[in-house]
Amino acid sequence: MVARLAGATRQELLTFDDPSSCVSQGVPERMLRHAAACVRQAAAQVPTLRQITSPEGLAHDTDLDTIQWRNGGQARLIEQIPFRLAVFDRTTAVIPLDLDVFYNGMLVIRDPAVVRALTRTHHNSWTSGDDLVTDREPDRPPAHLAPILACMRDGLPDHAATARLGLSARTYARRVSELLALLGTTSRFQAAIIAQRRGWL
């Protein structure tokens, strides 16, 4: 169903997508490959493709670098997606019955009022999210994360780091999570060690 809707989309595809939930729930690898192929197909044919993911989702999504994207696709990062979602040309939306994994069943929504509400939810998360920077030098952190790394290096508590950078606590926490995901760890201490080994500090 999702593949058929994606194939028929002509103008815009909006998604909340976090593949880490699929991994934790044991979705078969062939289904994950099929889903990735659908997104690649959409990226090749749809003028506007906006995907919102989380730091954990980014760590599990190997396609974002290639989708980010060749034909105007965009991705942004928020702390946690509210549910998985796909909105096709603002006329049809699909959400999982359990809110997490399409493999467990899905609800297809065509009611215009509900589709508008879901589109607005996506828009609000999009405007508050961080740009996902995937085109970067291998020996440098993304520019928007370098100040975060410097604060971690200096051992600043979060309130001092947010004051130094002029960021809200929520944005700072989101960028810390993005940095940890980028470095493949959940520990700030371990992140500093990995960053040091990469020559980022």
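Residues numbered from 1 in each chain as written. Predicted model: local features only at pLDDT ≥ 70, side-chain atom pairs only at ≥ 80, totals over all residues. Heavy atoms only, no water.

### Thoughts on the overall build of the protein chain
- Helix and strand counts for the protein chain come out as ten helices and seven strands.
- Burial analysis of the protein chain (201 residues in total) assigns 44% to the buried set.
- Relative to all contacts within the protein chain whose residues are 6 or more apart in sequence, the contacts with residues 24 or more apart total 64%.
- Surface accessibility of the protein chain: about 10500 Å² in total, with carbon and sulfur atoms responsible for 51%. (Helix = DSSP H or I, 4+ residues; strand = E, 2+ residues; numbered from the N terminus. Buried < 20%, exposed > 50% of the residue type's maximum accessible area, 1.4 Å probe, protein only. Contact = heavy atoms within 4.5 Å. Areas by Shrake-Rupley, 256 points an atom, 1.4 Å probe, with all protein chains shown as cover.)

### So, the sheet that holds strand 4 (residues 85-88)
- In space, the seven strands of this open sheet follow the order 6-5-4-1-2-3-7, with mixed pairing throughout. One side of each edge strand has no neighbouring strand; the edge strands of this open sheet are strand 6 (106-109) and strand 7 (130-131).
- Bridge count for strand 4 against strand 5 (residues 92-96) is three bridges, and the pairing is antiparallel. The partner of Ala86 across the bridge, within strand 5, is Val94. (Pairing = 2+ DSSP bridges.)

### Here we look at the packing of aromatic side chains
- Enumeration over the complete set of coordinates arrives at one aromatic pair.
- An angle of 85° between the planes, with centres 5.7 Å apart, marks the rings of Phe16 and Phe83 as edge-to-face. Residue Phe16 is located in strand 1 (residues 12-16), and its partner Phe83 is located in the loop between strand 3 (74-77) and strand 4; the two are separated by 67 residues in the primary sequence.
- Judged by its relative accessible area of 1%, Phe16 falls in the buried class. (Phe/Tyr/Trp six-rings, centres within 6.5 Å; stacked < 30°, edge-to-face > 60°.)

### Observations concerning helix 6 (residues 112-128)
- Between its first and last C-alpha, helix 6 extends 24 Å over 17 residues, near the 24 Å set by a 1.5 Å rise per residue.
- Considered for burial, the residues of helix 6 that qualify are Val115, Leu118, Thr119, His122, Ser125 and Trp126. The buried side chains of helix 6 occupy one side of the element, clustering within an arc of 125° when seen end-on. Among the exposed residues of helix 6, those pointing more than 90 degrees away from its buried face are Arg116 and Arg120.
- Buried residues belonging to helix 6 abut strand 1, strand 2 (48-53), strand 3, strand 4, strand 5 and strand 6.
- Capping the start of helix 6 is the job of one residue whose side-chain oxygen sits 3.0 Å from the backbone nitrogen of Ala113: Asp111. (Expected span 1.5 Å × (residues − 1). Arc of directions from axis to C-beta. Polar contact = N/O pair within 3.5 Å; in protein donor to acceptor, adjacent residues only side chain to side chain.)

### Side note on the pairing of strand 1
- With five of five residues buried, strand 1 lies mostly within the body of the structure.
- With burial as the criterion, each face of strand 1 is covered, one bearing Glu12, Leu14 and Phe16 and the other bearing Leu13 and Thr15.
- Bridge analysis of strand 1 against strand 2 gives five bridges, and the strand direction is parallel. Along strand 2, the bridge assignment pairs Leu13 with Leu49.
- Looking at chain direction, strand 1 and strand 4 are connected through four bridges and run antiparallel. Within strand 4, the residue paired with Phe16 across the bridge is Leu85.

### Notes on the environment of Thr171
- Following the sequence through the fold, Thr171 ends up in helix 9 (residues 169-183).
- Judged by its relative accessible area of 15%, Thr171 falls in the buried class.

### Observations regarding helix 7 (residues 146-153)
- Inspection of helix 7 places Ile148, Leu149, Ala150, Cys151 and Met152 among the buried residues, and these make up the whole buried set.
- Looking at the buried positions of helix 7, the neighbouring elements they touch are helix 8 (158-165), helix 9 and helix 10 (188-198).
- Gly155 lies just past helix 7 and shows a positive phi near 70°.

### A short note on the nonpolar core
- Ranked by size, the top nonpolar core spans 16 residues in total, and within it Ile148, Met152, Tyr172, Leu179, Leu183 and Trp200 carry the most contacts.
- Elements supplying a minimum of two residues to this core: helix 7, helix 9 and helix 10.
- Those residues in contact with Ile148 that lie beyond four places of it in its chain are Leu165, Leu167, Tyr172, Arg175, Val176 and Leu179.
- Counting 14 residues, the second largest nonpolar core, distinct from the first, contains Ile78, Ala93, Ile95 and Ile109. (Core = buried A, V, L, I, M, F, W, Y, C linked by side-chain atoms within 4.5 Å.)

All we've got here are geometric facts, nothing functional implied.
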